[in-house]
Amino acid sequence: MKVEISRRRFLQGSVALSVAGGAALSSTQILADSKEKSQTLLMKKVPTICEMCVNKCAAIATVKNGIVTKLDPNPYFPKSRNMLCARGAAGIHALYDPDRLKYPLIRTGERGDGQYRRATWDEAYEFIKDKMVKILDEEKDNRSCIGYCAGEGLAEHTYKTFMSDKFGSSNFLNHSTICLQTAVSGYTLTIGGYGQADLENAKYVIMAGANRAEAILTPDTMDMFKRTRGRGMKLVVVDPRFTNTAMHADTYVAIKPGTDLAFVLALTYVAILDQVYNRNYVAKNFVDFDKYQKHILENEYTPEWAEKITGVPAATICKIAHDFMAAAPQAVFYQGRRTTWSKNDFQLRRAMALFTALGGGIDVKGGIVFGKKLPLGEHTATAPMYANAKPRIDKNVAAVVGATGSWVGWRNMVAEGKTPYPIRGMFVYKQNPMLSVPNSAKTKLMFEKMDLVVVIDTMPSDTAMYADVILPECTYLEREDPVQSFAGIEPAIILREKVIEPMYETKPVNDIMRELAQKLTKPLWEITKKYDEDIQAELEDGDEKEVFEEGGFDLAEPFMHSQEETNKHMFVEKYGEEAWLTLREKGVFYPNMSTYFKKIDNNTYQYYPKDKKFYSVLKLEEEFDATAYLHDTCVNPVDIADLKRSFNTPNKKVECYLGSMASKGIDAMPTWKDEDHVKVPAGKFKFITGRHAQFTQNSTQNNIILLELMRENYIWINDKEAEKLGIKFGDTVEVASSIGKVLIKAYPTPKIIPEAVFYIHGFGAKSAGMTFAHRNGASDNEIIEDTIEPVHGCANMHDTLVSLRRV
Amino acid sequence: MNYAMALDYQNCINCKACEVACKEENGVQLGADKQRIWVGVVEGTIFGKPFANLYPAQCNHCIDAPCVSVCPTFASHFAEGGIVKVDAHKCILCKGCMEACPYDARFVDDTMVAVDKCTFCDHRSLEEGGTTACQTTCPTKVRLFGDLDDENSDLVKLLKTKRFFFQKEYTGTLPKLFYILPDDEAYAKQSVSHNTIIHTWADIKPLYDEARTRRSKEWKK
Ligand code: SF4
Ligand code: SF4
Ligand code: SF4
Ligand code: SF4
């Protein structure tokens, strides 16, 4: 007999999910109970898009009588290849998490202590409005005095449209500078794009630091592990840790953290000195290769030199360089994602891109490819001009600070009181900087200095505990999000449809922005009129209504349509009504899907026929027009050496020498700087962090099913080092850096090099609102020092020295 | 019908999607020790270099299932196609089956007050084009569920072209999880022990056919 819980009680709230008699229940369990009954219940299947991480796998939700009971993979999406990972399958528990934010909250206690009162939406908006009016009045309509940040997601743009385009703040921060900015820009400035490694066809792949078995990336993860172990793809894994990816490698290379650049420079040295690179290709497609060649040879980046720095034997480096070039152009130095490791990260990514390019493996099947993107219609909004809105505060913290800022640089300026004008408030959407930005103590300080902190989220995260107002967003299963087009070898358009109505009083961000905008429009317009001289001038000889409307000062205007209407408009314009029905029915659309898509067996599907995939696209770039894809334009893979390409770089070639960077004080070519390398003194370890396949950063930390797979994080320490320190498995150790200390349990293992220690990111939540995540293990950002690299101001995640002590 | 599964175990990345999908699909009791499916990890070092092998696993739905023979109440039984199941209402939790199972594939479901185990997802896998939750969710597509009786099934077609082995074959239960040996000799050697018996479809078929004929009288329709 199963514990009976009526559907009504279940729907009433979270009680049914909490621990009962030592045995917790899952929502599905409750339903599995009444199998016969449930068949007579109203059942439907809704295509949706997973949001448990950033990959956006296509899923099909089974809904029984209003309750989501199962998420299965939706086979139609070429990027997700008919799979859902552990997190994706556990998405139901994001929806039915008993700790979810259920209604708006207004702070009653001190920042951080978690005291809030329930409020109505209107009260919450009123509260925000009053504060904003006061702040903007005091700051004379400088919109940038309110900063804002967002985590990645399909609705990120909706939020940005409000905060940036309509409200007018320039101080935006997103994940890029605590993630992959240096990698994206290193590749883009060198070969014209970050691209996608074609792991379905590559014959030789070097993965340094990237860990596709544990940091799942679609379709890379699915493609590569069917081809490793003597099945077509030779894999070299370079990592201080023996990861689940290393387990699949033909060659595992243990390397010291922060020295990858020396490793790549030595590979390049061997390729050039031994003339094993593709000379024909380089002659046609490189610019300034002579400079690079001279630079590499004159600096004597020899394998012997690199061995001393990296710990990788010179002979191994020589062999890898030769094997790589022998397999080229079907050879890739995998771009990697995630984070900036150390100060030289931008140069590292450049060197990696150049090394792949030396083999000719760019824009070719089995190399790094750019793919095609299917166009979507436009959804436009008028952005008002605010004369008094100042440029972002952190423009000078690094050589090139883009529109997404430098998280650490920005945060430090605010926390240390060094901003050119006051930053009075912050909006936080779907991000948890308390756990995700290095040096949590400073993030706390930053929030404490602000007059208004608004958090929009689904969970009472550590960051939410610093908010004055918390606005509960509904989860991805309760909303439709903007339709999205995915570029690739097999491009497609996907749609996240609403699976069930939002629970409690939660709302999608489109609605939150609309309602907040409606509240703010009038009072903020008054402030603009009061301080904005341009507007005052316009009003002198113009009609107020006209200036207001034409200037785009109605802040709610882009959000007036429902998401469904906006999506339909953007899609139908390009593909027509019939395709729209297909998209809604299947959740996925691409031209010719009905004839291209084929089931091969229960595990395998064909998305595009072989000859219709977009492997090489650069040559066609000029002839490309928006309707080309409709006529199945495609390029057959060609012999790379025969093709002169037009790269998306300033010189239309692979760029060896970045003169524009040199003028900003950045090395024009990848150069090893010994003084920048953090060396490990005796008695210390270099701390490294990373991901794993059961949690997404800190966003899934309260998910009960995922917590069963990993309850807390452990610190990896080399077994011999542990022995020296008298540390055994499960011992609690104190890990101390120059900025903080944490307590965590130990995992001595031969799978990590002696000079590094590691633990997984995403644990150690302090918010008491997170019943299951609260106090599990340790947060890495409490000990990671807040240094940044010089190009984009990205956080150096692997430059912190720590000491360990058994307690 | 004689249901079985092939596992391309060398694809496994220990992501545990299969475990979560199984729990959600089947309402398996929450708890880290309540698993119908798991990944066996064998790791160590050879000359100081780390290595690891992964063996994704679940109930083997053995043809000569000792758990069925041992059950005093007939709660453990063969369902359609030889799928080994437990009738929760008949189970008295004597745990004899848990002792008898060489694979430790069974556990106590406290909410049902009965033993629980893998069902090969027979509520969804037996329909046309159907498959198990663990198979469909797997990123690297380790599993292939199918019918050993059907010469044209994807499963038999695969088994005919590959070599494979069973876990703990020596217990003689005629398990039906077929572990597909890597074609590459070096990798094949790395992941099996020296006394693992390597099979082909031709050598195993008569044995399994004979057992099937013998035991299938007990199978429910
Ligand atoms: S990889 Fe996993 S969590 Fe990420 S979108 Fe896909 S199923 Fe969801
Ligand atoms: S889902 Fe597949 S890859 Fe992941 S653990 Fe299970 S069998 Fe292995
Ligand atoms: S525990 Fe239940 S199923 Fe197992 S042998 Fe005993 S009665 Fe049979
Ligand atoms: S076949 Fe079904 S019940 Fe068995 S392990 Fe897989 S998902 Fe679980």
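Notes on the structure in this doc start here. (Residues numbered from 1 in each chain as written. Chains lettered and ligands numbered in written order. Predicted model: local features only at pLDDT ≥ 70, side-chain atom pairs only at ≥ 80, totals over all residues. Heavy atoms only, no water.)

Re the pattern of salt bridges
Residue and element names in this part refer to chain A.
No. 1: Tallying each qualifying case throughout the model produces 79 salt bridges over all chains.
No. 2: Residues lysine 166 and glutamate 557 are paired through a salt bridge, measuring 2.8 Å at the closest nitrogen-oxygen approach. Of the two residues, lysine 166 is situated in helix 7 (residues 156–166) and glutamate 557 in the loop between helix 21 (544–550) and helix 22 (563–586); the sequence distance between them amounts to 391 residues.
No. 3: Among the ionic pairs, lysine 724 bridges to glutamate 721, the shortest N-O distance being 3.1 Å. Here the residue lysine 724 and the residue glutamate 721 both occupy positions in helix 26 (residues 719–725), the gap between them amounting to three residues, near one helical turn.
No. 4: Several salt bridges share partner residues, and in doing so they unite Glu51, Lys430, Glu473, Arg479, Asp481 and Arg496 into one network. (Salt bridge = Lys/Arg side-chain N within 4 Å of Asp/Glu carboxyl O. Helix = DSSP H or I, 4+ residues; strand = E, 2+ residues; numbered from the N terminus.)

Quick look at the site of ligand 4
Residue and element names in this part refer to chain B.
No. 1: Around ligand 4 sit Cys22, Asn26, Arg36, Ile37, Gln58, Cys118, Thr119, Phe120, Cys121, Thr132, Ala133 and Cys134, and that is every residue in its neighbourhood.
No. 2: Breaking the shell around ligand 4 down by element, the ones donating at least two residues are helix 1 (17–26) and helix 4 (133–137).
No. 3: Residues that form the shell around ligand 4 fall into these classes: seven nonpolar, four polar and one charged. (Near = heavy atom within 4 Å. Nonpolar A, V, L, I, M, F, W, Y, C, P; charged D, E, K, R; others polar.)

What to know about the site of ligand 1
No. 1: Looking at ligand 1, the residues that line it are Cys50, Met52, Cys53, Asn55, Lys56, Cys57, Met83, Leu84, Cys85, Arg87 and Gly88 of chain A.
No. 2: A per-class count over the shell around ligand 1 returns seven nonpolar, two polar and two charged.

Some words on the environment of valine 282 of chain A
Residues and elements named next belong to chain A.
No. 1: Mapped onto the elements of the fold, valine 282 is located in helix 11 (residues 279–285).
No. 2: The exposure class assigned to valine 282 is buried, which follows from its relative accessible area of 5%.
No. 3: Taking the C-alpha atoms as reference points, valine 282 and lysine 390, separated by 108 residues in sequence, lie 45 Å from one another.
No. 4: Contact partners of valine 282, with chain neighbours within four places excluded, come to Tyr277, Phe289 and Leu358. (Buried < 20%, exposed > 50% of the residue type's maximum accessible area, 1.4 Å probe, protein only. Contact = heavy atoms within 4.5 Å.)

Thoughts on the packing of aromatic side chains
Residue and element names in this part refer to chain A.
No. 1: Scanning all chains against the criterion turns up 47 aromatic pairs over all chains.
No. 2: Residues phenylalanine 447 and tyrosine 466 carry aromatic rings whose centres are separated by 6.2 Å and whose planes lie at 20 degrees to one another, so their mutual orientation is stacked. Note that phenylalanine 447 is positioned in helix 18 (residues 440–448) and tyrosine 466 in the loop between strand 16 (452–457) and strand 17 (469–472), a separation of 19 residues in sequence. Each of the two residues, phenylalanine 447 as well as tyrosine 466, counts as buried.
No. 3: The interplanar angle of 70 degrees and the centroid separation of 6.3 Å between the aromatic rings of tyrosine 608 and phenylalanine 614 together place this pair among those described as edge-to-face. Each of the two residues, tyrosine 608 as well as phenylalanine 614, counts as buried.
No. 4: Linked through ring pairs, Tyr714, Trp716, Phe729, Tyr747 and Phe758 together constitute an aromatic cluster.
No. 5: Lysine 102 extends its terminal NZ or CZ atom over the ring of tyrosine 504, reaching a point 5.5 Å from the ring centre. (Phe/Tyr/Trp six-rings, centres within 6.5 Å; stacked < 30°, edge-to-face > 60°. Lys NZ or Arg CZ within 6 Å of the ring centre and 35° of its normal.)

A look at the side chain of threonine 521 of chain A
Residue and element names in this part refer to chain A.
No. 1: Turning to its location among the elements, threonine 521 is positioned in helix 19 (residues 509–531).
No. 2: For threonine 521, a relative accessible area of 7% corresponds to the buried category.
No. 3: For threonine 521, the side chain forms a polar contact with the main-chain nitrogen of leucine 555, separated by 3.2 Å.
No. 4: Those residues within four positions of threonine 521 in sequence are excluded, and the remaining contacts are Phe548, Phe553, Asp554, Leu555 and Ala556. (Polar contact = N/O pair within 3.5 Å; in protein donor to acceptor, adjacent residues only side chain to side chain.)

Quick notes on the environment of phenylalanine 614 of chain A
Residue and element names in this part refer to chain A.
No. 1: Take phenylalanine 614: it is sitting in the loop between strand 22 (605–606) and strand 23 (654–655).
No. 2: The buried category is assigned to phenylalanine 614, whose relative accessible area is 6%.
No. 3: It is 7.2 Å that separates the C-alpha atoms of phenylalanine 614 and glycine 488, two residues lying 126 residues apart in sequence.

Structural notes on the sheet that holds strand 24 (residues 685–690) of chain A
All names here are of chain A.
No. 1: The strand order 24-28-25-27-26-29 describes a closed barrel built from six strands, whose pairing is mixed. Averaged over all adjacent pairs, the angle separating strand axes in this sheet is 45 degrees, with direction ignored.
No. 2: Where strand 26 (residues 732–736) lies against strand 27 (residues 741–749), five bridges are found, and the strand directions are antiparallel. Of the residues in strand 27, the one forming a bridge with alanine 736 is lysine 741. (Pairing = 2+ DSSP bridges. Axes fitted to C-alpha atoms, helices over the stretch in contact; angles between N-to-C directions.)

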